[in-house]
Amino acid sequence: MAEKRNIFLVGPMGAGKSTIGRHLADMLHLDFFDSDQEIERRTGADIAWVFDLEGEEGFRVREETVISDLTELQGIVLATGGGSVMSKETRNRLSARGIVVYLETPIEKQVARTQRDKRRPLLQTEEAPREVLERLAADRNPLYEEIADFTVRTDEQSARAVANQIIEQLGF
């Protein structure tokens with residue numbers, strides 16, 4: 001496992017992928033990328049605008065391209081979007097091109113961490129956030145588990161502590 005040079009973080013929104021990813025990259029002296037930020041950089045618009053204009057399907061096409069491009073790099077930590085695993089091609093690329101770490105977090109923590117965040121289009125509906133997160137978890141959690149080299153729970157730990165736990169699991 002240590003011969004793979006990339007670390008890819010997967011998991012639901014609110015799991016801490018971006019924050020933990022930054023710590024991990026700093027600690028391992030690797031470059032950090034966030035697929036959502038890269039989409040925003042390439043389009044010149046925020047994710048909510050892309051969703052409004054192109055819908056979720058259009059956003060997912062962009063996400064698949066960005067993740068394909070980023071996973072071809074070497075020596076990176078990549079925080080992926082929570083729904084990126086819905087694409088079989090993306091799951092295959094993540095599995096083949098690096099070590100996949102599933103950051104698992106309970107629905108309660110997701111609700112708490114995302115409740116004031118207006119940048120999450122899937123939560124900007126009439127449906128209660130908890131219901132949306134539960135539905136997404138039912139669809140996505142098995143896919144995170146399918147491609148994960150290992151799983152780390154993020155619920156009661158600081159981002160730095162989770163990053164240390166990942167490094168320990170990696171054997172670095």
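Structure first, text after, so check above.
Residues numbered from 1 in each chain as written. Predicted model: local features only at pLDDT ≥ 70, side-chain atom pairs only at ≥ 80, totals over all residues. Heavy atoms only, no water.

Draft legend 1. Spotlight on the pattern of salt bridges. Enumeration over the complete set of coordinates arrives at ten salt bridges. The salt bridge involving R60 is made with E56; its shortest N-O contact spans 3.1 Å. Of this pair, R60 and E56 are both found in helix α3 (residues 47-71), four residues apart, which corresponds to roughly one turn of the helix. R60 gets classed as buried once you look at its relative accessible area, which sits at 17%. E104 is the salt-bridge partner of R153, the closest N and O atoms lying 3.6 Å from each other. Of this pair, R153 sits in strand β5 (residues 150-153) while E104 sits in strand β4 (residues 99-104), and the two are 49 residues apart along the sequence. Residue classification places R153 among the partly exposed residues on the basis of a relative accessible area of 38%. A relative accessible area of 22% means that E104 is categorised as partly exposed. Salt bridges linked by common partners bring E38, R41, R42 and D69 together as one network. (Salt bridge = Lys/Arg side-chain N within 4 Å of Asp/Glu carboxyl O. Helix = DSSP H or I, 4+ residues; strand = E, 2+ residues; numbered from the N terminus. Buried < 20%, exposed > 50% of the residue type's maximum accessible area, 1.4 Å probe, protein only.)

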